[in-house]
Amino acid sequence: MFLVQRSLKLIPLIIIAMLFANCEWGSIGYNKGYKPDQPIPFSHKLHAGEYKMACVYCHTQVEVAKHSAVPSLNICMNCHQVVGIDKEPIKKLRQKYFDGETVNWVKVHMLPDHVKFNHKRHVHRFSTAEDRYPACKTCHGEIKQMDVVEQHSSLSMGWCVNCHREQEPKGPLNCSTCHQ
Amino acid sequence: MSMEKQQETKQNSYWKSLDEKYQTPEFIEQAEKEFQTSPLKEDDDKSGLARRQFMKLMGASIALSSAACVRRPVQKIIPYNKRPSEVIPGIANYYASSVHDGREGFAVTVKTREGRPLFLAGNADYPGNAQGLSARGTSQLLSLYDPDRVRTPVINTQDPKKRGNNLPIPRDWESLDKKVVAQLAKGDIRILTGETSSPSLKNIMNKFSQNLGGQVHTWTPVNESDVLHAAELCFGKSAVPKYRYDKASMIVSIDGDFLGTYLNPTESSRLFAQNRNPDGNMSRLVSFQSVPSLTSFNSDDNWGIKPSQQLPLVLGLIHELAFVQKKVSAVGSIRSLTADYAKIYEDIGMTHEQFAELASELAQHQGDSIVIAGGLQTKTKDSVSLQIAVNYLNDLLSNNGATIQWSHGLNAHESMDQDFSDLLDAINDGKVKTLIINEINPMYNLPNSTEFKAALGKVEMVVTTNNWMDETANLADLVAPAGHAMENWGDNEFEPGLFTVQQPTIQPLHNTRSFGDSLMVWSKGAGKAVATEETFYDFVKNRWTSQLGGEKAWIDFLQKGFQGQTYEGTERSAGFNTSALNNISVQQTASPIELSLYTKVGMHDGTLANVSWMQELPDPVSKIVWDNYLVIAPSLADEKDLRDGSMVQVKTAQHEMTLPVYVSPGQNHGSVAVAIGYGRSKGGEILKNVGFNVQDFIVTDNTVFEHAGFAVEINKTGETYRLAQTQGHHNMEGRQLAVETTKKEYKKTNDIGLHKHKIFSIWNGHKYEGHKWGLGVDLNACTGCSACMVACQSENNIPVVGKKYVLGGREMHWIRIDRYYSGDEKKSVDAIFQPVMCQHCENAPCETVCPVLATVHSDEGLNDMVYNRCVGTRYCSNNCPYKVRRFNWFYYDGHHRKEPMHMALNPDVTVRTRGVMEKCTFCVQRIKEGKNAAKDQNRPLKDGDIKTACQSVCPTNAIVFGDLNDKESKVNKWFDSQRNYTLLEEFNAAPRVRYLAKIRNTPRELGGGHHDNGGHDSGHGETDHKEGH
């Protein structure tokens, strides 16, 4: 009887172990590699890679605000007024635009509410006005080669702090730097 | 004096509550507990989870939530279809606008993020309130997002003859307009509006009543009828003056609570503080009060009086000045009247020397003194006589025109009780077919005896624009919600010639339409359009474009928020008409106990009763939240054997009810008072069952509705009631926390008489290479108005906990304002207000005890609080000598806020959840914003770039924030001031909040001791006040 009770207590542990088994060790809960399908299969590989569009062409506010922000639909329409209008996904996009609606993209890089990250500061720190890609790449990986965007870094606190410790000039390490 | 003796006599010379002063057994028991209520006894959490059960469940959910590489829940990013060019997500936009808080009008700057207003502060360039904004002004934000607002036009189905049993049916505007237009054709229209200073709206209202055959009546429950009547008699022009406290050296207030509730308290506080510099010009304020108020607590000397003594006191002063001291020459005819009150000082407990001194001080300051009386407490039978007498006294002192501007007075104080009575007569005579009530609530604000409800039965159609289904809206036939001022276009003229624009900062949240728009639509429907424009916005815009000369000027107006200037010159003397003196008669007879009604800083007339910030704002005087109560004197309490919370039967000639009592030091034995604005019955979820409806004490038979001086009988019922007070549970242990001295002493010694401690430290101290933040609070400037508390609440997403949990000591305000008394509570007391926020100690006691390093020191000297690390041991709070840490006991977070209230949350500040400690951060989000802005512009941070939320609304500039490493910063200058000190210096926690001691401009010795012994026995050495590096 005693043994049965004891082994019953182990069941949750076994379940947890099973659940973690298919994850990369050390990134539990961090969603590294998260690669969701999007309502419109937008390809960064095509736009940023092949066509060599600058990141800031669409992510216009990344240099001025803390959020990089997904572009509003009118930016897509700058080209897609004329380009690729016969393709199914673009038809869908145009329909949304002309109906005054928007696209509900699935968030890939998610920080919890108690973490405040400032894109502007990091973009200015890691790149020049001519080419922002080096800065983007540091955290988001080789976006230019991603057909479907996936989370490249763990975005864990340890990952952030390591960079603040190691990169010269060193980043601030106060708790209130990110938590406020 | 030996140390022991000194300690014995001085220990309780400053006290927060009478219980503390006398160290009652209940108080000692309470004070010894670290936390007022134990979490283990807590059984009323809605989820019903006991602690252990909770732990078990938590174990399981951790296992489920963090496993697998699949994110749960999936979040969406929803971009704009076309992003408006001025909106950049993450960057705040600021708009100039104006709001009226029901008492006072303000030019404000509204901070918006992604199209929703988040924070209001005064418009610093505006010459009226400048950066100052009242607690009620800041609360306009929460009132905008009030979930209980009326969301569509409503048609009540009820028999007009028996108003009351309605069934509100939401409708569209077309069907409502059709009904109104059909009714308007019958004529006999009356508009009953609250106070408005909008020139455009006034224009529309007047044209509307002209075109359609009607009349406009202006009435607000708390009005200045008495002042207006008296001005008409004295100067031939009815007006409410503007008092220039900045130009006055001697101010005598007779229940004129100009710092708290009378006229324009925020602007007055600002002007008053300008002339209270202890190192330069410092005015003197003497107060006579029947109810302790912010003004009496900020006065240099004060005396408690009864309402029936107000007029005699002024007459006595005139007599002393004119016929005894012969310093001014009054008309002889008044002597027979004033002579009766030559000895009034005896009745209020003054000696003749004191009274004569007061009169001669006034005489010395002819042309730079002010005598002020007013507010509900002065609305006795003799209110008009009192105002005439005060006007005459000011005239004798040559103040009219100099410190009291009659021709450049205040607008939006036009409403008169007479106007309301006229309307009531017209209705009763059957002369009113349609009544349009604009954003006032007479059904609540009037006593039953006025029989307004019965009168409404005689009106064919009652339309109201009220935004809540309040007492009045429930009786109306149609509710045409006007929407919130922050959603509507408009303009204001709070002072003659000084215009502000009212610019909406959000699309109307609900299906509402501004009153101006409604009048335009209805008049157009009736074929008698009041304007050619389509909308009220076009009307306002066209009016201003033509007035200012072009589109460009209009845009500039929008940008700047105001037009014009305050009057800075000297007026010609207003020309006092001495025949007005014939109207003075003393009808009020003295009674053993007299009742007055008064207004509280937060609740005022009850219009913001559904705004929880206002309900939980501790009354600056009593520190009680969520209630009104009968304020009585300690001596009366002894006589009738009453304590705080004892229920009493209160009986006047007109009305009788039971009320709890609050024993208020400094209250006159024969005066009791209770605040209006509570006990609302309809109009939202929050206002229900809060406090007591005392409106029925009002007597509306006279020209000026009577609010004070009622003969009253008080009988103990034996029952008790719990009043929730945010202060009084902590014991000062006789330490010197609030420091004050007299101006005389300060001038002589250039010192505040602070006990200095020899301090040594076992710590090495921190080094600060970049910034080193510090905050200073000037107790001499702080009036205790509590605007900072609400600003902090708005900026930092601080929840409201409700009365039940305030009783348990679980209030969440990050900044509190302690109120200390000194003196003999049976005679008169002095009070000091002391804002206390996290002191960001250099050697922070909280940091060393946190087992999980959730609170740590930053390299800029901040005491960082990391919510996500906190596990809720509460050791930090236990170890905090200043008791500024707040623990979140329940889910007060975003998900638990009713829609659309979550829109008021500041996205830059983490919304904390249950089980987490929180506290003032020095507005770290604003520090970062300021630093970022400077970095973007490639310049070093300037002093004044960063303002904390509390600082940004303070009307008297009592709070300053800045970098201590910047030698030129204002905060550094304050820290070097002779008046600076820190709380509990002997603990060597080395706070980086320093206080500047209060200076009282009084010839007497202060009741409190200035060299108390902080309970330690080290030597009395000089120490360096600055923390070690």
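Residues numbered from 1 in each chain as written. Chains lettered and ligands numbered in written order. Predicted model: local features only at pLDDT ≥ 70, side-chain atom pairs only at ≥ 80, totals over all residues. Heavy atoms only, no water.

Trainee: Even after reading the chapter, I still don't get the overall build of chain B, so can you show me in this structure?
Mentor: A count of helical and extended segments in chain B gives 32 helices and 42 strands. Relative to a compact globule of 1029 residues, whose C-alpha radius of gyration would be 31 Å, chain B shows 29 Å and is just as compact. On the principal axes, the C-alpha backbone points of chain B span a range of 85 × 85 × 60 Å. Taking all 1029 residues of chain B together, 64% fall into the buried category. Element-wise, carbon and sulfur atoms account for 49% of the exposed surface of chain B, whose accessible area totals about 37,600 Å². Across chain B, the centroid of the 111 positively charged side chains sits 5 Å from that of the 122 negatively charged ones. (Helix = DSSP H or I, 4+ residues; strand = E, 2+ residues; numbered from the N terminus. Rg over C-alpha atoms; globule rule 2.2 N^0.38 Å. Buried < 20%, exposed > 50% of the residue type's maximum accessible area, 1.4 Å probe, protein only. Areas by Shrake-Rupley, 256 points an atom, 1.4 Å probe, with all protein chains shown as cover. Lys, Arg positive; Asp, Glu negative; His and termini not counted. Charge placed at Lys NZ, Arg CZ, Asp CG, Glu CD.)

Trainee: Would you mind showing me how to read the sheet that holds strand E5 (residues 116–122) of chain B here?
Mentor: Strand pairing in a sheet relies on backbone hydrogen bonds, with the paired strands running either antiparallel or parallel. Residues and elements named next belong to chain B. If you trace the 3 strands from one edge of the open sheet to the other, you get E3-E4-E5, paired in antiparallel fashion. A strand with exactly one partner marks an edge of an open sheet, and here the two such strands are strand E3 (93–100) and E5. Neighbour-to-neighbour, the strand axes of this sheet turn through a mean angle of 35°, independent of strand direction. (Pairing = 2+ DSSP bridges. Axes fitted to C-alpha atoms, helices over the stretch in contact; angles between N-to-C directions.)

Trainee: How should the pairing of strand E34 (residues 829–836) of chain B be read in this particular structure?
Mentor: On a regular strand, each side chain points to the face opposite its neighbour's, so the side chains alternate between the two faces of the sheet. Residue and element names in this part refer to chain B. Summarising burial for E34: 8 of the 8 residues are buried, a large majority. The two faces of E34 match: Val829, Ala831, Phe833 and Pro835 on one face and Asp830, Ile832, Gln834 and Val836 on the other face are all buried. The hairpin formed by strand E33 (residues 816–823) and E34 contains 5 residues between the paired strands.

Trainee: Even after reading the chapter, I still don't get the packing of helix H9 (residues 225–235) of chain B against helix H16 (residues 383–396) of chain B, so can you show me in this structure?
Mentor: For any two helices packed against each other, the geometry is given by the interaxial angle and the distance between the axes. Residue and element names in this part refer to chain B. One way to put it is that H9 packs onto H16 with a least axis distance of 8 Å and a crossing angle of 50°. Looking at the two axes, H9 sits oblique to H16. The two elements H9 and H16 meet at a crossing, and its hand is right-handed. Note on element contacts: H16 touches H9 through Ser383, Val384, Gln387, Ile388 and Asn391, opposite Asp226, Val227, His229, Ala230, Ala231, Leu233, Cys234 and Phe235. (Parallel < 35°, antiparallel > 145°, perpendicular 65-115°, else oblique. Left-handed = near helix turned anticlockwise from the far one by under 90°. Contact = heavy atoms within 4.5 Å.)

Trainee: What is the right way to read the pattern of salt bridges from this model?
Mentor: Side chains bearing opposite charge may pair, as long as their charged atoms lie close to each other. All names here are of chain B. Overall, the coordinates contain 45 salt bridges over all chains when judged by the stated rule. Between Arg113 and Asp908 there is a salt bridge, and its shortest N-O distance comes to 3.0 Å. Residue Arg113 is located in strand E4 (residues 105–113), and its partner Asp908 is located in the loop between strand E37 (886–887) and strand E38 (917–918); the two are separated by 795 residues in the primary sequence. We note that Arg113, like Asp908, is buried. For the salt bridge of Lys898 with Asp148, the shortest nitrogen-to-oxygen distance reads 3.8 Å. On the criterion of sequence distance, the pair formed by Lys898 in the loop between E37 and E38 and Asp148 in the loop between helix H6 (140–144) and strand E6 (154–157) is long-range, its members being 750 residues apart. Overall, Lys898 belongs to the partly exposed group, its relative accessible area being 47%. (Salt bridge = Lys/Arg side-chain N within 4 Å of Asp/Glu carboxyl O.)

Trainee: What am I meant to see in a nonpolar patch on the surface here?
Mentor: A cluster of nonpolar side chains, contributed by B:Phe760, B:Ile762 and B:Trp763, occupies part of the molecular surface with about 450 Å² of accessible area. With respect to the element layout, B:Trp763 can be found in the loop between helix H25 (743–749) and strand E32 (773–778). (Patch = residues over 30% accessible without salt bridge, like charges linked within 9 Å, V, L, I, M, F, W, Y side chains within 5 Å.)

Trainee: Would you take a moment to explain the packing of aromatic side chains for this structure?
Mentor: The geometry of two aromatic rings is summed up by the distance between their centres and the angle between their planes. Tallied over the entire structure, the rule returns 29 aromatic pairs over all chains. Considering the side-chain rings of B:Trp219 and B:Phe420, the 4.7 Å spacing of their centres and the 40° angle between planes classify their relative orientation as tilted. Separated by 201 residues along the polypeptide, B:Trp219 in the loop between strand E9 (214–218) and H9 and B:Phe420 in helix H17 (residues 417–428) bring together distant segments of the chain. Of the residues examined, B:Phe420 reaches a relative accessible area of 1% and is grouped as buried. Each ring, one from B:Phe420 and one from B:Phe705, has its centre 6.5 Å from the other, and the planes form 85°; the classification is edge-to-face. Of the two residues, B:Phe420 is situated in helix H17 and B:Phe705 in the loop between strand E27 (671–675) and strand E28 (708–711); the sequence distance between them amounts to 285 residues. Each member of the pair B:Phe420 and B:Phe705 is classed as buried. Taken together, B:Trp489, B:Phe499, B:Tyr537, B:Trp544, B:Trp554 and B:Phe557 form an aromatic cluster joined through their ring pairs. Sitting above the plane of the A:Phe126 ring, A:Arg125 keeps its charged end 4.6 Å from the centroid. Sitting over the ring of B:Trp889, B:Arg810 keeps its end group 3.8 Å from the ring centre. (Phe/Tyr/Trp six-rings, centres within 6.5 Å; stacked < 30°, edge-to-face > 60°. Lys NZ or Arg CZ within 6 Å of the ring centre and 35° of its normal.)

Trainee: What's the story with helix H4 (residues 73–80) of chain A in this structure? I'm lost.
Mentor: Every α-helix carries 3.6 residues per turn, so stepping three or four residues along brings you back to the same face. When we look at burial in H4(A), the residues that qualify are A:Leu73, A:Ile75, A:Met77 and A:His80. Buried residues along H4(A) sit in contact with helix H2 (44–50), helix H3 (55–58) and helix H5 (88–98) of chain A.

Trainee: Hey, could you run me through the interface of chain A and chain B in this one?
Mentor: Interface size, as often reported, equals the accessible area lost upon joining of the parts. Tallying the contact residues gives 47 residues for chain A and 41 residues for chain B. Both sides together, the interface formed by chain A and chain B hides about 3,900 Å², and carbon and sulfur atoms give 53% of it. Applying the counting rule to chain A against chain B returns 3 salt bridges. As a salt-bridge pair, A:Lys120 and B:Asp936 come within 2.6 Å of each other at their nearest N and O atoms. Scanning the region where chain A abuts chain B turns up 23 residue pairs in polar contact (both at pLDDT 80 or more). Among the elements of the structure, helix H1 (2–20), H4, H5, strand E1 (105–106), helix H6 (119–126) and helix H9 (175–178) of chain A are those that each provide at least two residues to the side of chain A that touches chain B. Take the side of chain A that touches chain B: its biggest share by element is 4 residues, from H9(A). (Buried area = accessible area lost by both parts, 1.4 Å probe. Polar contact = N/O pair within 3.5 Å; in protein donor to acceptor, adjacent residues only side chain to side chain.)

Trainee: Where do I start with the confidence of the model for chain A in this structure?
Mentor: In low-pLDDT segments, the atomic positions of the prediction should not be examined closely. Summing up the model confidence of chain A, the mean pLDDT is 84 and the portion of residues at 70 or higher is 84%. Note that pLDDT drops below 50 for residues 18–26 of chain A; the model gives that stretch 12 contacts with residues more than four away or on any other chain. (pLDDT = per-residue confidence, 0-100.)

Trainee: Please explain the domain arrangement of chain B as it appears in this structure.
Mentor: All names here are of chain B. Partitioning chain B into structural domains gives domain 1 (3–21 + 728–1000), domain 2 (154–223 + 415–493 + 507–532), domain 3 (225–413) and domain 4 (589–725). Computed over C-alpha atoms only, the centres of domain 2 and domain 4 are separated by 31 Å. The partner domain 4 presents 22 residues to the 20 residues of domain 2 that form the contact. With both sides pooled, the region where domain 2 packs onto domain 4 buries about 1,600 Å², and carbon together with sulfur makes up 52% of that total. Of all residues in domain 2, Val222, Asp417 and Tyr444 give up the largest surface area on contact with domain 4, accounting jointly for 34% of the area buried on that side. We note a salt bridge from Glu471 to Arg680, for which the minimum N-O separation is 3.2 Å. If you look at where domain 2 meets domain 4, you find 13 residue pairs in polar contact (both at pLDDT 80 or more). Going through the elements one at a time, H17 and helix H18 (442–445) are the ones with two or more residues in the side of domain 2 that touches domain 4. (Domains from an automatic or database assignment.)

Trainee: How do you make sense of the sheet that holds strand E11 (residues 250–254) of chain B when you look at a structure like this?
Mentor: All names here are of chain B. In spatial order, the strands read E13-E12-E11-E14; together these 4 strands make up an open sheet with parallel pairing. Here the strands that pair on one side only, and so sit at the sheet edges, are strand E13 (301–304) and strand E14 (369–373). Averaged over all pairs of adjacent strands, the angle between strand axes in this sheet comes to 10°, irrespective of strand direction. Sheet topology places E11 next to E14; 5 bridges connect them, and they run parallel.

Trainee: Sorry, what's going on with the environment of B:Cys923 here?
Mentor: All names here are of chain B. Tracing the chain through its elements places Cys923 in the loop between E38 and helix H30 (924–936). Between the C-alpha atoms of Cys923 and Thr703, which are 220 residues apart in sequence, the distance is 50 Å. Excluding residues that lie within four positions of it along the chain, Cys923 makes contacts with Glu795, Asn796, Thr948 and Ala949.

Trainee: Before we go on, may I ask you to explain the side chain of B:Ser523 in this structure?
Mentor: All names here are of chain B. Its location among the elements puts Ser523 in helix H20 (residues 515–525). For Ser523, a relative accessible area of 0% translates into the label buried. Residues in contact with Ser523, not counting those within four places in the same chain, are Phe208, Leu212, Lys528, Ala529 and Val530.

Trainee: Would you take a moment to explain H17(B) for this structure?
Mentor: Residue and element names in this part refer to chain B. With 12 residues, H17 should reach 16 Å at 1.5 Å per residue; the first-to-last C-alpha distance of 17 Å fits that figure. For H17, every residue scored as buried is listed here: Asp417, Phe420, Ser421, Leu423, Leu424, Ala426 and Ile427. Tucked into the core, H17 has its buried residues touching strand E8 (189–193), E9, H9, strand E16 (434–438), H18 and helix H19 (452–456). Gly430 lies just past H17 and shows a positive phi near 75°. (Expected span 1.5 Å × (residues − 1).)

Trainee: When you look at unusual backbone geometry in this model, what are you seeing that I'm missing?
Mentor: Leaving glycine out, the prevailing phi sign among residues is negative, and the prevailing peptide bond configuration is trans. All names here are of chain B. Geometrically, the link from Glu899 to Pro900 is a cis peptide bond, its omega value of 0° lying close to zero. The topology assignment puts Pro900 in the loop between E37 and E38. With phi around 55°, Glu451 is a residue other than glycine that occupies positive phi space. Mapped onto the elements, Glu451 comes out in the loop between H18 and H19. Of the residues examined, Glu451 reaches a relative accessible area of 53% and is grouped as exposed. A positive phi angle, close to 55°, is found at Asn957, a residue other than glycine.

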